[in-house]
Amino acid sequence: MIKKNSINPDLVEERKKCTFNTLELTHLLDGGAKKTEERKSRETFFLEDPQLQSKVPLEYLSHKEKYEEAVRKACIIFGKVQELQNQGRGGMDNFREILGGQLGSAILKDGNPLTLHYVMFIPTLMGQGTMEQQAEWIQKAWNCDIIGTYAQTELGHGTFIRGLETTATYDPSKEEFVLHSPTLTSYKWWPGGLGHSANYAVVLAQLYTKGKCYGIHPFIVQLRDEETHQPLPGIKIGEIGCKLGMNSTNNGYLGFDQVRIPRTNMLMKNSQVLSDGSYVKSPSSKLTYGTMIFVRVVIVQDAAHYLRKAVTIATRYSAVRHQSQIKPDAPEPQIIDFVTQQYKLFPQIATYFAFQYSATWLWDVYNNVTSELEAGQLESLPELHAVACCLKAVSSADAAQGVEICRLACGGHGYMTSSNLPSTYGLVTAMCTYEGENTVLLLQTARFLVKVWQNRNNLEKFTTVKYLGNDLNRDRPFQRSVEWIIYALQQTAARKIELANRHINERVQKGKAYEDAWNESSIELVAAAEAHCRSFIVETFYNTINELKVSKELKVVLVQLLNLYGVYTALRLTGDLLRFTSITGKDIETLQAWLEELLALIRPNAVGLVDSFDIRDEVLGSTLGAYDGNVYERLFEEASKSPLNAEPVNKSFKLYLKPFLKANL
Ligand SMILES: CCC/C=C/C(=O)SCCNC(=O)CCNC(=O)[C@H](O)C(C)(C)COP(=O)([O-])OP(=O)([O-])OC[C@H]1O[C@@H](n2cnc3c(N)ncnc32)[C@H](O)[C@@H]1OP(=O)([O-])[O-]
Ligand SMILES: Cc1cc2nc3c(=O)[nH]c(=O)nc-3n(C[C@H](O)[C@H](O)[C@H](O)COP(=O)(O)OP(=O)(O)OC[C@H]3O[C@@H](n4cnc5c(N)ncnc54)[C@H](O)[C@@H]3O)c2cc1C
């Protein structure tokens, strides 16, 4: 039914209007023309493999069938990744793409049961294992001789990991640890792939030796027989059931009944238990948390990718869809011409760029700090932890909200599963919870900010908080510029940190314990961390754009997006700006007018911008967002795949409807 090679005429017109070279932007986003070429060849390699096609849309499968189909595809995917590695084609890029929001979610729309093996199991072996342990385990894991997961969260505790209840008690007589789940709430609950896919796990458990508890430590535990896949004695294991999304990820539960593992299965890079049971302390107890930092860093990039996918769908659809009238007797306009629609879409495009640049910055810093940690230097860890926490929280929350805005922007059709917006939302909103619930992570950033605030005469060693050294009473008169917005956001963040800190102190002076005072001030602490993060994101966007060497035409558009992101952020925080800067109501009108101007300036390039993301139709996986814009044909084609349409009369007519109709005669 879909007319091949026929592009919707509205999209043809939109593409003619574009004022910059979309290919230049594609190359910029990929990191160069060569990278674009490599990405495209990878996409062809995966997406055009007939084995990776599905006969029936995922939605029509049962929960069990979904899992089985996901395992089938996951094995093919990672087999192909190994093939690429063996050919020397691409290193980490293969993994980042296949596991991240771009390519991976095209093939496995509702999650991958083997993701945790690559995202957490192998990184934990690498980050927490000694050289000998790495030699023993990593090759097996890379070759997929074993499949692992990361089992930390329990039924009773996810956030408060010091409160985990699983125990690992050292028995020096046999040089073994005994793993045990003493309560129902101590059962591991959530790890991806744990249900029926993994046969090994890194298990986080309270370490007991010589009668003393030393807190949580990582242990490699075999869960299933390597041949038969039967759970080993003492291992109680299963899947946790259906969820809002990610229904193919096979999240599982796990209990231990006095399960013995060799002493050498404790990952001992940072702390050790010697054969006689003596405990050797880690240089920092927080090194055990290293894998979580890594995944938080990766999530910022994923959030950006999911958002750009959603906004590509909604922007193309909005260019094709006509509805209502702006003027009487005029033809029905493209809905993208309603300014309220532009206000839904264009800030999401700008937000993608903002997150992308923060994600790149964070990835580089993460790699630098990791090298420092390897050399035993721990000084930069607190700042990395603080910035990773707030960026993970703000990017996942804004991306989830942005995807939902895009879904709403597509009206009724956005509610269709075939738009791919509902399942994209399911994947993104999960990021607000996993790898540290967002409020909790913002409180971690706040903890760092308050400490820095209390020692703000000593800011040289930091990168992200230098502005806290500025005089709080400085006033910078309003200007319609991003520089002013950055000043205003930093001023807001600094004042919020100062206020939260002051309120903690006042509560302490009134006799409260510091921890109670902290809890009572925590709404303000979260707000302070969020403000800090928003100022960081805008400033990073600004710095990146200023340094870019691109054509004049592209620069103009990127600056418009930067300005839009800045003014959009500022207008969402007008209450704060009125409170903490000398901005007036009149100035806010100026900002509002600027926002409207920017929407109009971006309007001709909207389709060009999302085209530059160069997301293949298979990756978008959407009836509404395909490059050719044949929306209505695709909606019909997908509807025809409903099993209910396979026969004109369903058996329920005979069974229920007919007798019911008769009874009412
Ligand atoms: C695809 C993905 C699938 C999903 C997988 C998962 O979800 S897996 C499961 C994911 N699960 C989660 O993400 C669970 C989320 N929960 C947690 O990460 C922790 O329980 C916590 C951070 C909330 C508190 O931890 P706590 O009670 O031990 O700590 P505290 O508050 O008492 O602070 C003590 C000090 O430690 C510092 N510090 C803390 N973390 C780090 C770090 N990573 N690095 C460095 N430092 C860190 C902190 O700054 C503070 O420093 P200060 O001020 O003393 O110099
Ligand atoms: C899709 C998905 C996949 C996951 N995959 C894995 C995995 O592979 N491996 C794994 O180990 N875990 C995994 N998890 C678990 C995940 O890491 C936890 O759910 C997460 O860390 C939140 O913990 P919680 O569920 O205990 O929430 P809770 O901490 O119970 O949160 C409930 C509420 O309490 C609030 N709260 C809790 N503590 C505080 C505090 N100190 N201050 C203020 N408010 C607080 C929170 O803000 C939240 O509003 C996964 C979870 C999901 C949803």
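The residue count restarts for each chain, going from 1 along the sequence in the order it is written. Lettering of chains starts at A and numbering of ligands starts at 1, both following the order in which they are written. Only residues with pLDDT of 70 or above have their local features reported here, since the model is predicted, and side-chain atom pairs are shown and tallied only from 80 upward, although totals for entire chains, interfaces and linings are computed over all residues.

As annotated in an unreviewed UniProt entry, the protein carries the name Acyl-coenzyme A oxidase and is attributed to Asbolus verrucosus. UniProt positions are given in the numbering used here, feature names are shortened, and annotations may be inferred rather than shown by experiment. Of the comments in the UniProt record for the protein, the one headed Pathway (unreviewed entry) reads "Lipid metabolism; peroxisomal fatty acid beta-oxidation."

Caption draft 1: Representation of the overall build of the protein within the structure. Strands here mean DSSP runs of E at least two residues long; helices mean DSSP runs of H or I at least four residues long; both are numbered from the N terminus. Of the regular secondary structure elements, the protein holds 24 helices and 11 strands. Between the two quantities, the radius of gyration covers C-alpha atoms and the globule rule is 2.2 Å times the number of residues to the power 0.38. Its C-alpha radius of gyration of 27 Å places the protein within 12% of the 26 Å reference for a compact globule of 665 residues. Its C-alpha atoms give the protein principal-axis dimensions of about 90 × 75 × 65 Å. Residue burial here comes from a neighbour count, namely the number of other C-beta atoms, placed from the backbone, that lie within 10 Å of the residue's own C-beta, with 20 or more meaning buried, 12 or fewer meaning exposed, and in between meaning partly exposed. Looking at the protein as a whole, 45% of its 665 residues qualify as buried. By the convention adopted here, residues make contact when the C-beta atoms placed from their backbones lie within 7 Å. In the protein, the proportion of contacts linking residues at least 24 apart, taken out of those at least 6 apart, comes to 75%.

Caption draft 2: The UniProt feature "domain: Acyl-CoA oxidase C-terminal" (unreviewed entry) in the protein, seen in detail. If you check UniProt for "domain: Acyl-CoA oxidase C-terminal" (unreviewed entry), the listed places come out as residues 483-662 in our numbering. Span residues 483-662 is 77% helix and 0% strand, its end C-alpha atoms 74 Å apart.

Caption draft 3: Seen up close, the sheet that holds strand E7 (residues 235-239). Reading across from one edge, E4-E8-E7 is the order of the 3 strands in this open sheet, with antiparallel pairing throughout. If you trace the sheet from one side to the other, it starts and ends with strand E4 (188-189) and E7, each paired once. Across 2 bridges, E4 lies against strand E8 (residues 252-256) in antiparallel orientation. The partner of Trp-189 across the bridge, within E8, is Tyr-253. DSSP calls a pair of strands paired once it identifies at least 2 bridges connecting them.

Caption draft 4: Layout of the pairing of strand E3 (residues 176-180). Here strand E2 (residues 167-171) runs beside E3; their pairing, made up of 5 bridges, is antiparallel. When the bridges of E3 are listed, Ala-168 appears paired with Leu-179. The antiparallel pairing of E2 with E3 creates a hairpin that spans 4 residues between the two strands, and Glu-175 there sits at a positive phi of about 55°. Looking at chain direction, E3 and strand E9 (residues 259-262) are connected through 4 bridges and run antiparallel. Residue pairing for E9: Leu-179 is matched across the bridge by Val-259.

Caption draft 5: Structural context of the nonpolar core. Ala-201, Ala-303, Leu-307, Cys-390 and Val-403 are the most contacted members of the largest nonpolar core, which has 176 residues in total. Per-element tally for this core: the top contributor is helix H9 (residues 290-320), with 19 residues. Setting aside its immediate chain neighbours within four residues, Val-403 contacts Tyr-306, Leu-307, Ala-310, Leu-421, Thr-424, Tyr-425 and Val-428. Any nonpolar core is a set of buried residues, restricted to Ala, Val, Leu, Ile, Met, Phe, Trp, Tyr and Cys, that join up through C-beta atoms within 7 Å.

Caption draft 6: Up close: the site of ligand 1. Around ligand 1, the structure places 24 residues, and the nearest of them are Lys-286, Tyr-289, His-385, Tyr-434 and Gly-436. For the shell around ligand 1, the secondary structure elements donating two or more residues are helix H7 (115-128), H9, helix H11 (381-409) and helix H14 (438-454). Taken together, the residues of the shell around ligand 1 sort by class into 12 nonpolar, 8 polar and 4 charged. When we break the shell around ligand 1 down by domain, the ones giving at least three residues each are domain 2 (148-282) and domain 3 (287-458 + 480-636). The criterion for a residue being near a molecule or strand is simple: its C-beta atom, placed using the backbone, must lie within 6 Å of it. Side-chain classes follow a simple rule in which Ala, Val, Leu, Ile, Met, Phe, Trp, Tyr, Cys and Pro form the nonpolar group, Asp, Glu, Lys and Arg form the charged group, and the remainder, Gly included, forms the polar group. Each domain's limits were defined by an automated method or a database of domain assignments.

Caption draft 7: Molecular detail of the environment of Ala-593. Position of Ala-593 relative to the elements: it lies in helix H20 (residues 585-602). Along the chain, Ala-593 and Leu-29 lie 564 residues apart, while their C-alpha atoms are 30 Å from each other.

Caption draft 8: Layout of the site of ligand 2. Near ligand 2 there are 22 residues, and of these Gln-152, Thr-153, Gly-158, Thr-159 and Trp-190 occur at the shortest range. The set of elements that each furnish at least two residues to the shell around ligand 2 consists of strand E1 (148-151) and H14. Looking at the shell around ligand 2 residue by residue, the classes come out as 10 nonpolar, 10 polar and 2 charged. When residues of the shell around ligand 2 are assigned to domains, at least three fall in each of domain 2 (148-282) and domain 3 (287-458 + 480-636).

Caption draft 9: Broad picture of the domain arrangement of the protein. Taken domain by domain, the protein consists of domain 1 (20-112), domain 2 (148-282) and domain 3 (287-458 + 480-636). Here the C-alpha centroids of domain 1 and domain 2 sit 31 Å apart. Each partner contributes residues to the interface: domain 1 has 9 residues there, and domain 2 has 8 residues. Residues that form the side of domain 1 that touches domain 2 fall into these classes: 4 nonpolar, 3 polar and 2 charged.

Caption draft 10: Structural view of unusual backbone geometry. With a phi close to 60°, Asn-250 is a non-glycine residue in the positive phi region. As for its position among the elements, Asn-250 is in the loop between E7 and E8. Phi is positive for Gln-258, close to 50°, though the residue is something other than glycine. Positionally, Gln-258 belongs in the loop between E8 and E9.

Caption draft 11: Region of interest: the pairing of E8. Buried residues dominate E8, accounting for 5 of its 5 residues. Direction of pairing for E7 relative to E8: antiparallel, over a ladder of 5 bridges. Residue pairing for E8: Lys-236 is matched across the bridge by Gly-255.

Caption draft 12: Up close: the environment of Tyr-542. With respect to the helices and strands, Tyr-542 occurs in helix H17 (residues 522-547). When the 21 C-beta atoms within 10 Å are taken as the criterion, Tyr-542 is described as buried. For Tyr-542 and Glu-483, which are 59 residues apart along the polypeptide, the C-alpha to C-alpha distance reads 8.4 Å.

Caption draft 13: View of the packing of helix H10 (residues 339-374) against H20. Angles run from 0 to 180 degrees between N-to-C directions of axes, and those axes are lines fitted to C-alpha atoms, restricted for helices to the stretch in contact. Where H10 contacts H20, the two axes come as close as 10 Å, and the packing angle between them is 85°. What the angle tells us is that H10 and H20 run roughly perpendicular. Facing H10, whose interface residues are Val-339, Gln-342, Tyr-343 and Phe-346, H20 presents Glu-596, Leu-599 and Ile-602. In terms of residue class, the contact of H10 with H20 is made up of 5 nonpolar, 1 polar and 1 charged. Note that the term roughly parallel is reserved for angles under 35 degrees, roughly antiparallel for angles over 145, roughly perpendicular for angles of 65 to 115, and oblique for everything else.

Caption draft 14: The arrangement of H7 in detail. In this scheme, a helix's expected span is set at 1.5 Å multiplied by one less than its residue total. The terminal C-alpha atoms of H7, which comprises 14 residues, lie 19 Å apart, in line with the 20 Å expected from a rise of 1.5 Å per residue. In terms of burial, H7 is a largely internal element, 12 of the 14 residues being buried. Residues of H7 that are buried: Thr-115, Leu-116, His-117, Tyr-118, Val-119, Met-120, Phe-121, Ile-122, Thr-124, Leu-125, Gly-127 and Gln-128.

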